[in-house]
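Reading the structure
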Amino acid sequence: MSFSHITLEEKQQAFAELREIKTLLASRNWFPGTSGNLSVRVGPFEREQFAFAVTASGKDKSVHTPSDYLLVDQNGKAIEATSLRPSAETLIHCEIYKATGAGAIFHVHTVFNNVISEFYAERGSVPIDGVELIKAFNIWDEEAQIEIPIVPNYAEIPRIAELVERSILPRIPGILIRKHGICAWGANAFEAKRHLEAFEFLFEYAYRLALLKK
Ligand SMILES: CSC[C@@H](O)[C@@H](O)C(=O)COP(=O)(O)O
Ligand SMILES: [Zn+2]
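From a predicted model like this one, the values you see are computed outputs, not experimental measurements.

Looking at the UniProt feature "domain: Class II aldolase/adducin N-terminal" (unreviewed entry) in the protein chain
Residues annotated by UniProt as "domain: Class II aldolase/adducin N-terminal" (unreviewed entry) correspond here to residues 16-207. Spanning residues 16-207, this segment combines 32% helix with 26% strand, and its end C-alpha atoms are found 34 Å apart.

What about the coordination of the zinc ion (ligand 2)?
Here the zinc ion (ligand 2) is held by Glu89 (OE), His107 (NE2), His109 (NE2) and His180 (NE2), and the distances to it run 2.1 to 2.5 Å. Mapped onto the sequence, the donors of the zinc ion (ligand 2) take the spacing E-x17-H-x1-H-x70-H. Here glutamate 89, found in the loop between strand S3 (69-73) and helix H2 (90-100), pairs with histidine 107, found in strand S4 (residues 104-108); they are 18 residues apart in sequence, far enough to count as distant.

Digging into the sheet that holds strand S6 (residues 145-151)
One open sheet holds the eight strands; their spatial order is S3-S2-S1-S4-S8-S7-S6-S5, and the pairing between them is mixed. Edge positions in the sheet fall to S3 and strand S5 (125-129), since each has one partner strand and no second. Across this sheet, the average inter-strand angle for adjacent strands is 20°, counted without regard to direction. As judged from the five bridges shared by strand S1 (residues 37-46) and strand S2 (residues 49-55), these two strands associate in the antiparallel manner. Along S2, the bridge assignment pairs valine 42 with alanine 51. In the packing of helix H3 (residues 111-119) onto the sheet, contacts are made with S4, S5, S6, strand S7 (174-177) and strand S8 (181-186), and the angle to S7 comes to roughly 75°.

Considering the site of ligand 1
Close contacts around ligand 1 come from 14 residues, with Ser57, Gly58, Lys61, Ser87 and Glu89 the closest. In the model, an oxygen atom of ligand 1 is placed 2.6 Å from a nitrogen or oxygen of the serine 87 side chain. At 2.8 Å, a backbone N or O of alanine 88 approaches an oxygen atom of ligand 1. Burial of ligand 1 by the protein chains amounts to 73% of its free accessible area of 410 Å². Residues of the shell around ligand 1, tallied by class, amount to one nonpolar, 11 polar and two charged.

Things to note about the packing of H3 against helix H5 (residues 189-213)
A packed helix pair is summarised by two numbers, namely the angle formed by the two axes and the spacing between the axes. The N-to-C vectors of H3 and H5 enclose an angle of 55°; their axes lie 9 Å apart at closest approach. Taken together, the axes of H3 and H5 lie oblique to each other. Both H3 and H5 take part in a crossing whose hand is left-handed. Along the contact surface, H3 presents Phe112, Asn113, Val115, Ile116 and Phe119, while H5 presents Glu200, Phe203, Glu204, Ala206, Tyr207, Arg208 and Ala210. Looking at side-chain class alone, the contact of H3 with H5 contains eight nonpolar, one polar and three charged residues.

Here is what the cut-offs are and how they apply
- Residues numbered from 1 in each chain as written.
- Chains lettered and ligands numbered in written order.
- Predicted model: local features only at pLDDT ≥ 70, side-chain atom pairs only at ≥ 80, totals over all residues.
- Heavy atoms only, no water.
- UniProt positions renumbered as here; feature names shortened; annotations may be inferred.
- Helix = DSSP H or I, 4+ residues; strand = E, 2+ residues; numbered from the N terminus.
- Donors = N, O, S within 2.8 Å, 3.2 Å for Na, K, Ca; no water.
- Pairing = 2+ DSSP bridges.
- Axes fitted to C-alpha atoms, helices over the stretch in contact; angles between N-to-C directions.
- Contact = heavy atoms within 4.5 Å.
- Near = heavy atom within 4 Å.
- Polar contact = N/O pair within 3.5 Å; in protein donor to acceptor, adjacent residues only side chain to side chain.
- Areas by Shrake-Rupley, 256 points an atom, 1.4 Å probe, with all protein chains shown as cover.
- Nonpolar A, V, L, I, M, F, W, Y, C, P; charged D, E, K, R; others polar.
- Parallel < 35°, antiparallel > 145°, perpendicular 65-115°, else oblique.
- Left-handed = near helix turned anticlockwise from the far one by under 90°.

Right, dumping it as structure tokens:
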């Protein structure tokens with residue numbers, strides 16, 4: 001399949017967007033030990049064919065190099081000749097794009113998202129009750145109650161990807177992988193960032209509340 005319609009300008013813009021968000025999230029220490037990955041979609045979206053820019057695998061996300069990003073197709077295969085390997089978790093991004101039509105996906109490992117995913121693992125979701133920041137997900141009901149889904153962290157990424165795709169809830173733009181991290185998405189990088197920040201706030205809130213209630 002050809003992606004010749006993607007211009008150099010579009011590619012550079014996507015890489016610049018990734019670089020900007022990577023710098024900001026790294027300053028919060030949200031990429032410990034080279035963990036985490038980021039992607040933004042490039043060009044038109046059809047479920048069967050689309051492209052996105054994604055972080056290269058195993059890089060230190062707190063530094064910038066000329067080889068931090070590459071373009072891949074809907075199956076996570078590089079669409080240009082490159083020696084870079086896409087993120088090991090690119091398939092998860094592929095499934096989320098296919099399921100949601102999102103424009104950007106950000107994945108981070110934090111202590112709060114790991115602890116809370118373990119605390120609520122048996123329930124299969126993190127309950128959040130009436131916290132104002134739920135509105136960051138465009139959920140405006142008074143005292144809204146939401147459940148943030150949790151999937152197991154398998155060694156095989158395709159198994160996680162399949163489960164993520166099946167576990168996505170229509171109103172919730174994110175999913176926790178147990179003792180691993182969060183994938184948050186949005187229509188664009190601005191929205192995905194807002195959602196990611198809201199999730200992390202809510203995880204810390206749930207963690208601290210559970211401690212206080214003990
Ligand atoms: C180095 S621990 C984290 C990885 O195993 C993985 O979960 C991760 O988020 C980063 O993988 P990457 O291939 O760099 O995108
Ligand atoms: Zn990860």
